[in-house]
Amino acid sequence: AQTVTQSQPEMSVQEAETVTLSCTYDTSESDYYLFWYKQPPSRQMILVIRQEAYKQQNATENRFSVNFQKAAKSFSLKISDSQLGDAAMYFCAYKEGGSEKLVFGKGTKLTVNP
Amino acid sequence: DTGVSQNPRHKITKRGQNVTFRCDPISEHNRLYWYRQTLGQGPEFLTYFQNEAQLEKSRLLSDRFSAERPKGSFSTLEIQRTEQGDSAMYLCASSVGQVRTGELFFGEGSRLTVL
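These numbers were taken from a predicted model, which means no experiment stands behind them.

(A) Up close: the overall build of chain A. When you go through chain A residue by residue, the secondary structure sums to zero helices and twelve strands. For chain A, the α and β elements follow one another from N to C terminus as β-β-β-β-β-β-β-β-β-β-β-β. Computed over the C-alpha atoms, the radius of gyration of chain A is 14 Å, within 12% of the 13 Å expected from 2.2 N^0.38 for a compact globule of 114 residues. The buried share among the 114 residues of chain A stands at 48%. Sequence-distant contacts in chain A: of pairs separated by 6 or more residues, those separated by 24 or more amount to 55%. Accessible surface, chain A: about 5700 Å² in total, of which carbon and sulfur atoms supply 43%.

(B) Looking closely at the environment of Gln69(A). Residue and element names in this part refer to chain A. Checked against the element boundaries, Gln 69 lands in strand β8 (residues 64–69). The class of Gln 69 is partly exposed, set by a relative accessible area of 40%. When residues no more than four places from it in sequence are discounted, the contact partners of Gln 69 are Tyr 25 and Ser 74. At a separation of 2.7 Å, a polar atom in the side chain of Gln 69 contacts the side chain of Asn 67.

(C) Here's a closer look at the interface of chain B and chain A. Taken together, the contact between chain B and chain A spans 20 residues of the former and 18 residues of the latter. Together chain B and chain A conceal approximately 1700 Å² of surface at their shared face, both sides included; 50% is due to carbon and sulfur atoms. At the junction of chain B and chain A, the tally comes to one salt bridge. Here Glu100(A) ties to Arg31(B) by a salt bridge, and the two come within 2.6 Å at their closest N and O atoms.

(D) Fine view of the nonpolar core. All names here are of chain A. Core analysis: the biggest nonpolar cluster contains 26 residues, and Tyr 25, Trp 36, Phe 75, Leu 77 and Tyr 90 have the highest contact counts within it. For this core, the element with the highest residue contribution is strand β10 (residues 88–96), accounting for four residues. Discounting residues that sit within four places of it in the chain, Phe 75 has contacts with Cys 23, Tyr 25, Leu 34, Phe 35, Trp 36, Gln 51, Val 66, Asn 67, Phe 68 and Cys 92.

(E) Just the sheet that holds strand β3 (residues 19–24) of chain B, in detail. Residue and element names in this part refer to chain B. Strand order in the open sheet made by the four strands is β1-β3-β8-β7, with antiparallel pairing throughout. Looking along the sheet, the strands with just one partner apiece sit at the ends: β1 (5–7) and β7 (65–68). When strand polarity is set aside, the average angle formed by the axes of neighbouring strands in this sheet is 15°. Bridge count between β3 and strand β8 (residues 75–79): five bridges; the pairing is antiparallel. By the bridge assignment, Cys 23 is partnered in β8 with Ser 75.

(F) Highlighting the packing of aromatic side chains. Summed over all chains, the structure comprises 15 aromatic pairs over all chains. On the basis of an interplanar angle of 80° and a centroid distance of 6.3 Å, the ring pair of Phe68(A) and Phe75(A) is categorised as edge-to-face. Judged on exposure class, the residue Phe68(A) and its partner Phe75(A) are both buried. With a centroid separation of 5.7 Å and an interplanar angle of 90°, the aromatic rings of Phe104(A) and Tyr35(B) are classed as edge-to-face. Of this pair, Phe104(A) sits in strand β11 (residues 102–104) while Tyr35(B) sits in strand β4 (residues 31–37), each in a different chain. Each member of the pair Phe104(A) and Tyr35(B) is classed as buried.

How each quantity is defined
- Residues numbered from 1 in each chain as written.
- Chains lettered and ligands numbered in written order.
- Predicted model: local features only at pLDDT ≥ 70, side-chain atom pairs only at ≥ 80, totals over all residues.
- Heavy atoms only, no water.
- Helix = DSSP H or I, 4+ residues; strand = E, 2+ residues; numbered from the N terminus.
- Rg over C-alpha atoms; globule rule 2.2 N^0.38 Å.
- Buried < 20%, exposed > 50% of the residue type's maximum accessible area, 1.4 Å probe, protein only.
- Contact = heavy atoms within 4.5 Å.
- Areas by Shrake-Rupley, 256 points an atom, 1.4 Å probe, with all protein chains shown as cover.
- Polar contact = N/O pair within 3.5 Å; in protein donor to acceptor, adjacent residues only side chain to side chain.
- Buried area = accessible area lost by both parts, 1.4 Å probe.
- Salt bridge = Lys/Arg side-chain N within 4 Å of Asp/Glu carboxyl O.
- Core = buried A, V, L, I, M, F, W, Y, C linked by side-chain atoms within 4.5 Å.
- Pairing = 2+ DSSP bridges.
- Axes fitted to C-alpha atoms, helices over the stretch in contact; angles between N-to-C directions.
- Phe/Tyr/Trp six-rings, centres within 6.5 Å; stacked < 30°, edge-to-face > 60°.

So this is what it looks like as structure tokens:
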């Protein structure tokens, strides 16, 4: 079964600084997708960024970028110029190409200090 | 508000009772998902509908759990004979499908507490 591991239960960063959240996954598939979702306190989960496994180029969305290392099965999220609104739980997730099921990690709680 | 809507937001029930949750997806979304999230964990997949057809179902979904999406619009998740282990946040999500695969739009969830 596919698994997603987030080894950092909590992280903190100073406002305007950069932080990297780690994620590793286990799969034998070649066709898959990876995601980072953000869950602010008492609010709904939203997609931050997605990466197709067949693409070598790392995805970027404004201040958010990923470091996708396919051979190492690593998918880290870098948040640049951190803002107070970035404080949330961040979940790494995996999806096989032929399935609609997302497999989530346990999450990393990010605190942004002013 | 045109987001995913879930009701009720909170439900407290006694063990052995039945509960039902409702999800109204974003209107143009044909795909609908149910996930369960317990404290300190990431969401776990329960089931997936494309229109009215239930196409994937997790082994987590025991025979006490049933989900329907009768007209391809709203969906209900029913839990029969609730147990304390069913206490969790039940999340509904919807999507437009393969164009942006994996991009789910989540509701705020329905929190179940079983006493």
